[in-house]
Amino acid sequence: MFWGWMLFLAFFIMLWGYGEYVQLANGMIVTGLNDQVSWGFYLANFVFMVGVAAAAVTVVFPAYVYKHQELHKIVVLGEMLAIAAVVMCLLFVTAHMGRPDRLWHIFPVIGIFNWPNAMLTWDVLVLTGYLALNIIGGFYYLYKKYTGKPVNKLFYLSVVYIAIVWALSIHTVTAFLINTMPARPMWFHSMMPIKFITTAFAAGPSLIIIVFLLVRKFTPMKIADEAFHILSQIVVWCLGIALFLTLSEIVTELYPSTEHSMGLKYLMFGHHGLNALVPFFWTAMALMIGSFILLLIPRVRKNLLLLPFICLAVFVGIYIEKGMGLMIPGVIPTPIGEFAEYTPSNIEFMIVGGVWAIGFFVLTVLIKGAVGIMLGDVRYEEKARRNVQGEQADAVAT
Amino acid sequence: MSKLNNKQNNKNSPAEEVTRRDFLRKAGAYSAASLTGAAMLLSPKPARATKNVTWAEHFQKNYRLMTDEEKKEAIDRLVKRYSEEFGKTVTVDDAPAMDGVLFGYALNIQKCIGCRRCVKACVAENNQSRGDKQQIEWIRVMRLEKGKFSEKDRDDGGYPQDFGIQVGGNAYKPAGVVLEGQHYYEADKVPEKDAFYLPMQCMQCEKPPCVKVCPVRTTYRDPDGIVVIDYNWCIGCRMCIGACPYWARRFNWGEPDLPAEEMNPKTHYLGNRPRMKGVVEKCTFCVQRTRKGRWTGCVEVCPVGARKLGNLLDPESDVRKILATKKVFRLRADLNTYPKFFYFMD
Amino acid sequence: MISYRVFAPFMGLCLLTAASTNPVFGEAGQDEGKECFESRKGLSQVQQREIKPGVTNVKCSPTTGGVLFWGDPFDGTIPMGDMPVKADYSHEEAVVKPREPQIDRNKLLTICSMACHNGEYVPYPENKLARPLTMHKDIVPDAMQLKHGKEAIWCLDCHHAATRTKLIDNYGNEISFNQPQKLCGKCHGQVYRSWRNGIHGKRIGMWNKGGKKRWWVCTECHNPHDVQQGERNSGFAQLNPEPAPILPKGMTNANHERGHGQDHDGTTH
């Protein structure tokens, strides 16, 4: 089962390799992007994954700030998810760049780092910091568990509390990246960071719920139902606020219906025969609203057989809404009013699919290792007998 | 379950046997390598691959931070590379901004006839990529319809409907200028009777949003007011394209297609030298010309003399005279970008 | 742990494939002898030729036949001379493209008078009413449309009656065809002033004050024999436009922008 899954992912990772090669050799002309729609599938996925990465904090936040005991144990799994998600973000960014071979230009000292002027540099800082925090925090905890030593609460909790605040910042800065451009009226409003955070905190925990249910199913690790109830409550609250914000946006834009509303109108209704995005918008709305209503019912919410499917609907709905429903129509029409439609090319699908596969690959490896260590199956004393790579497999086997 | 047995067997002699993991790795490597090879053979070859880019060029600094010697070296490298690629003597100028000059531009929209010669002259002068796959034009001319006044059923289009507001115009078919410009207009002869034209290009703002968002400071304002790009430093993140309210910037999605016989060999480092894939480019007020005192390509070609370029710091220049005597406006002035590209009517 | 031996031949193969592709060099030949028009089609023709290695005097548009680019803006020009009023530009070097060589290039004037007027020029008409030229239609193609000044002006108001290769001013002095502004400015004063300031009309060359400029004179852009242009009432003839940009990837046509007008209720046509 495990190997089947890994092989399945490996296939897509190979496709990613091929896609990246073609894109590096020929330039981004192999994508469906053009000067009119210059931000596309890669950045849409990037923005969504930053949200998912930020959502790891939803697991951490209740555990430590509200001292929710049940969540303590599984916090580190959330940190692993954050690492996998940030890795995906970095891969999406390098796929989006025209010249990844010139990435060194952005580093301070050897290049030029235009901080604090350029919002992108803030994003680089917070994402790198978040990755570092999660790696340090997560691996420190796991290492202590692995060696059986006590965790230094002062150090570890400081890292955790900083990570909680930092997680909010990563997605806020990503929102600032797009909402500080008056050239793009669909994005240029102060609601954007709130919308980002709420959609992230609805999609992220949905994924976490699904992952934790899988962990419960495939490993001996015990995760109390309480954890799922807390997470699903977070999902329904945040989804509710997100839908409220969407409603607010629709009313604000469509009531006076100015030239600045063209992007939203194009998304919702199409424009003069160009309506590629319309089905996406309404599907996303249906998924989000439907899930929201269902999740409001406590009996449904607490039903752990139904919950993963609703969470999947939330995840997919928000993915569509943030990607096809926000990032793409934000650049349509161009600031001077030209409409152009965009369909990702096969190479883009290959690369995006591959990055998701890499993300899941990393996530699987990390979770497997973490679960193994947490369950106590993998311990320092046995290190002499097994090589490092064999541990995780043995953790499953025994 | 057979997997488990295999693993347990491995425990005893890890050195000899090929583990499943190793096999997968090798298989993956084989397929990756063969796919790579196949890809190289099958993938379309770019029109003019910049394969002669040396390591020195790849690792050069940002132009502004270079010493004079480094600049000279960089330019020599480029001259050598371009001359080889295009089979003619290419010069790459590095003229700095002239003292006491701040370029301003004025465009007479009363006169513009929408002939698009400015667009094509700019392309002839500035070595943009051309052809079917990747055509870059820095100037975009929009056609604005003067509006229809005599349509039937115009008078009863209320807003909102059916609330007694059905007369006095039509909110859904408004009279007067149609705001949404047309970019792909085709006409037999211009100017057309029921349209006027608005060309747009980089406005060379004094507070450029593109400069602010560039994470590596590859695009910046030079002392003569021109917003320039160091093409060798651009990382292709396209934040600037997102931020520009005038849609003035273009991206080289693939390797540019520039036939050698159409290449203009008189280039400037920050201006019209041939670009490479993955970098942003835009109108530079023809730095290769203007820093030598000559007018830009678009100003010279305009058959109706609608375009004027001059030194804003010289009260006798065309542009200053226009600002002094004509009614001028700028686009999206509400965004406080302070463009130096003025529109006027005469 | 893994043996990398297997990689080497594959990488070698890949590199070999890459190295074997050669960029194709374009020929350095220019379109010699191509003709295009600088401003008025038919009246401002110029031949493309190489003036320096790799630089042509003009570059022609392949679609409309108009000049796109002057390699040397002063090619074939002569000094403009002093303007009749004091202005800054009189200290600048100003040149114009002479038209006089084109006037009577076929040397028909002598033949004309011999062939039809018994060696004499046509006597100055007694009837000073403006009327369209009925005779020399072949020389002046738009003779019958002459409505310059709404028929208040006729041929000999501008053309020298005796020296047909010159224009005339109110005092009977000759004005060269190279500098028609001295004639046109007589009535079109505001435009003339605007032209002298560089705002009306066209100049190419050096933008800086004191720099050499080629001034485009009135008749290079305007046709004084046909100022109505049919129904258009415009002093400027229509031109063929250059082609539109190619559509962006993902679009097959531009019909969405050719709507019947704004429809803000979201309905599509």
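In this text, all values refer to a predicted model and were calculated from it rather than measured experimentally.

S.K.: Please provide a residue-by-residue account of the overall build of chain C, values included.
M.R.: Within chain C, the regular secondary structure consists of six helices and 12 strands. Burial analysis of chain C (269 residues in total) assigns 22% to the buried set.

S.K.: I'd like a description of the overall build of chain B, backed by residues and values.
M.R.: Looking only at helices and strands, one finds 10 helices and 12 strands in chain B. Within chain B, the proportion of its 346 residues that are buried is 48%. Pairs at least 24 residues apart make up 67% of the contacts formed inside chain B by residues separated by at least 6 positions.

S.K.: Account for the interface of chain A and chain C, naming residues and giving values.
M.R.: Contacts between chain A and chain C engage 17 residues on the former and 11 residues on the latter. Here the residues of the side of chain A that touches chain C sort into five nonpolar, nine polar and three charged.

S.K.: Before we move on, can you summarise the sheet that holds strand β8 (residues 94-96) of chain C with the specific residues and values?
M.R.: Note on sheets: strands pair through backbone hydrogen bonds, and any given pair is parallel or antiparallel. Residue and element names in this part refer to chain C. If you walk across this open sheet you meet the four strands as β7-β8-β12-β11, and the pairing is mixed. Unpaired on one side and paired on the other, β7 (78-79) and β11 (203-205) mark the two borders of the sheet. Examined bridge by bridge, β7 and β8 share two bridges and lie antiparallel to one another. Each residue of the ladder has a partner; that of Ile78, found in β8, is Val96.

S.K.: Kindly report on the nonpolar core, identifying the contributing residues and their values.
M.R.: Nonpolar side chains tend to gather and get buried jointly when the protein is soluble and globular. In terms of nonpolar packing, the biggest core is built from 237 residues, with Ala53 and Cys89 of chain A touching the most fellow members. Looking at this core element by element, the count peaks at 19 residues for helix α2 (residues 41-65) of chain A. Shared between two domains, this core takes at least three residues from each, and those domains are domain 1 (30-72) and domain 2 (78-221) of chain C. Beyond its immediate sequence surroundings of up to four residues, Ala53 of chain A is in contact with Ala82, Ala85, Val86, Cys89, Tyr130 and Ile170 of chain A.

S.K.: Break down the sheet that holds strand β11 (residues 328-329) of chain B for me, with residues and values.
M.R.: All names here are of chain B. Across the sheet, which stays open at both edges, the four strands sit in the order β10-β2-β12-β11 with mixed pairing between neighbours. Looking at which strands have only one partner, the edges of the open sheet turn out to be β10 (307-311) and β11. Note that β11 and strand β12 (residues 341-344) share two bridges and pair antiparallel. Counterpart to Val328 in the pairing with β12 is Phe344. The strands touched by helix α10 (residues 318-325) are β2 (103-108), β10, β11 and β12; relative to β10, the strand with the most contacts, the crossing angle is about 105°.

S.K.: Give a detailed account of the environment of Thr343 of chain A, specifying residues and quantitative values.
M.R.: With respect to the helices and strands, Thr343 of chain A occurs in the loop between α12 (307-330) and α13 (346-374). Along the chain, Thr343 of chain A and Trp356 of chain A lie 13 residues apart, while their C-alpha atoms are 19 Å from each other. Excluding residues that lie within four positions of it along the chain, Thr343 of chain A makes contacts with Gly32 and Ala276 of chain A together with Gly250 of chain C.

S.K.: Account for the packing of α2 of chain A against helix α7 (residues 192-218) of chain A, with residues named and values stated.
M.R.: Residue and element names in this part refer to chain A. Close contact between α2 and α7 brings their axes to 7 Å; oriented N to C, the two are set at 70°. Classified by the interaxial angle, the pair formed by α2 and α7 is roughly perpendicular. Every residue of α7 that contacts α2 at Gly51, Val52, Ala54, Ala55, Ala56, Thr58 and Val59 is listed here: Phe196, Thr199, Ala200, Phe201, Ala203, Gly204, Pro205, Leu207 and Ile208.

S.K.: Pulling in residues and values, what's your account of the confidence of the model for chain C?
M.R.: Residue and element names in this part refer to chain C. Predicted confidence across chain C gives a mean pLDDT of 76, with 69% of residues reaching 70 or more. No element of chain C has a lower mean pLDDT than helix α1 (residues 7-19), which averages 45, and none a higher one than β11, which averages 94. Below a pLDDT of 50 lies the segment residues 10-30, which in the model reaches 30 contacts outside its immediate sequence neighbourhood of four places, other chains included. Within the model, the stretch residues 260-269 combines pLDDT values under 50 with 21 contacts to residues more than four positions away or in other chains. Both scores are given for the predicted complex: the pTM is 0.85, the ipTM 0.88.

S.K.: Give a description of the pairing of β2 of chain B that names residues and reports values.
M.R.: Residues and elements named next belong to chain B. The buried count for β2 comes to six of six residues, which makes it a mostly enclosed element. Burial of β2 is two-sided: the residues Phe103, Tyr105 and Leu107 facing one way and the residues Gly104, Ala106 and Asn108 facing the other way are all buried. Bridge analysis of β2 against β10 gives five bridges, and the strand direction is antiparallel. Directly across from Phe103, in β10, lies its bridge partner Asn311. One ladder, built from four bridges, connects β2 with β12; its direction is parallel. Counterpart to Leu107 in the pairing with β12 is Tyr343.

S.K.: Could you give an account of unusual backbone geometry, naming the residues involved and the relevant values?
M.R.: Most peptide bonds take the trans form, and the phi angle of most residues other than glycine is negative. With an omega of 5°, the peptide bond between Trp115 of chain A and Pro116 of chain A qualifies as cis. Inspection of the secondary structure assignment puts Pro116 of chain A in the loop between α4 (75-96) and α5 (119-147). Residues Ile332 of chain A and Pro333 of chain A are joined by a peptide bond in cis, for which omega reads -5°. With respect to the helices and strands, the residue Pro333 of chain A is situated in the loop between α12 and α13. Here Cys286 of chain B, not a glycine, exhibits a phi torsion of approximately 45°, which is positive. Summarising the element assignment, Cys286 of chain B is placed in the loop between β9 (280-281) and α8 (287-290). Its 25 C-beta neighbours within 10 Å are what place Cys286 of chain B among the buried residues. A positive phi angle, near 50°, is found at Tyr338 of chain B, a position not held by glycine. For Tyr338 of chain B, the location among the structural elements is in the loop between β11 and β12.

S.K.: Run through the environment of Asn34 of chain A, naming residues and quoting values.
M.R.: Position of Asn34 of chain A among the secondary structure elements: in the loop between α1 (2-26) and α2. In sequence terms Asn34 of chain A and Phe315 of chain A are 281 residues apart; their C-alpha atoms lie 29 Å from each other. When neighbours within four sequence positions are excluded, Asn34 of chain A is seen to be in contact with Ala340 of chain A together with Pro248, Lys249 and Gly250 of chain C.

S.K.: Residues and numbers for the packing of α2 of chain A against helix α6 (residues 153-179) of chain A, please.
M.R.: Residues and elements named next belong to chain A. At a closest axis distance of 9 Å, the pairing of α2 and α6 adopts a crossing angle of 150°. Crossing geometry of α2 relative to α6 is assigned as left-handed. Side by side, α2 and α6 meet where Val47, Val50, Gly51, Ala53, Ala54, Ala56, Val57, Val60, Phe61 and Tyr64 of the first sit next to Leu157, Val160, Tyr161, Ala163, Ile164, Ala167, Leu168, Ile170, His171 and Thr174 of the second. Partitioned by chemical class, the residues of the contact of α2 with α6 number 17 nonpolar, three polar and no charged.

S.K.: Give me the domain arrangement of chain C: which residues, what numbers.
M.R.: Domain parsing of chain C yields domain 1 (30-72) and domain 2 (78-221). Domain 1 of chain C puts four residues into the contact, and the matching count from domain 2 of chain C is four residues.

S.K.: Please set out the confidence of the model for chain B residue by residue, giving values where relevant.
M.R.: All names here are of chain B. When pLDDT is averaged across chain B, the result is 85; 80% of the residues are at 70 or more. Segment residues 1-17 is flagged for pLDDT under 50; beyond a separation of four residues in sequence, or across chains, it makes eight contacts in the model. The low-confidence segment residues 36-49 (pLDDT under 50) makes 29 contacts with residues lying over four places distant or belonging to another chain.

S.K.: Before we move on, could you go through helix α5 (residues 117-126) of chain B and cite the residues and values that matter?
M.R.: Residue and element names in this part refer to chain B. Most of α5 is tucked away: 10 of the 10 residues are buried. Looking only at α5, the buried set comprises Arg117, Cys118, Val119, Lys120, Ala121, Cys122, Val123, Ala124, Glu125 and Asn126. Just downstream of α5, Asn127 is the residue with a positive phi angle, here 60°.

About the thresholds
- Every chain begins its residue count from 1, and numbering advances along the sequence as written.
- Chains carry letters from A onward and ligands carry numbers from 1 onward, assigned in written order.
- Where local features are concerned, this predicted model is filtered to residues with pLDDT of at least 70; where side-chain atom pairs are given and counted, the filter is 80 or more; whole-chain, interface and lining totals use all residues.
- The secondary structure listing takes helices from DSSP runs of H or I that are at least 4 residues long and strands from runs of E that are at least 2 residues long, numbered from the N terminus.
- Exposed residues have 12 or fewer other C-beta atoms within 10 Å of their own C-beta, buried residues have 20 or more, and partly exposed residues fall in between, where C-beta atoms are placed from the backbone.
- Here, residues touch in the contact sense if the C-beta positions derived from the backbone fall within 7 Å of one another.
- Each residue gets one label: Ala, Val, Leu, Ile, Met, Phe, Trp, Tyr, Cys and Pro are nonpolar, Asp, Glu, Lys and Arg are charged, and the others, such as Gly, are polar.
- Two strands form a pair only when DSSP identifies at least two bridges running between them.
- The term nonpolar core refers to a set of buried Ala, Val, Leu, Ile, Met, Phe, Trp, Tyr and Cys residues connected through C-beta atoms within 7 Å.
- Start and end points for every domain follow an automatic or database-based domain assignment.
- Fitting a line to C-alpha atoms yields each axis, with helices limited to the stretch in contact; the angle taken between N-to-C directions then spans 0 to 180 degrees.
- Angular relationships are summarised with four words: roughly parallel below 35 degrees, roughly antiparallel beyond 145, roughly perpendicular across 65 to 115, and oblique for the angles in between.
- Across the chain, each position has a pLDDT score giving the predictor's confidence in that residue, from 0 to 100.
- Definitions for this section: a left-handed crossing has its near helix turned counterclockwise from the far helix by less than a right angle. A right-handed crossing has that turn clockwise.

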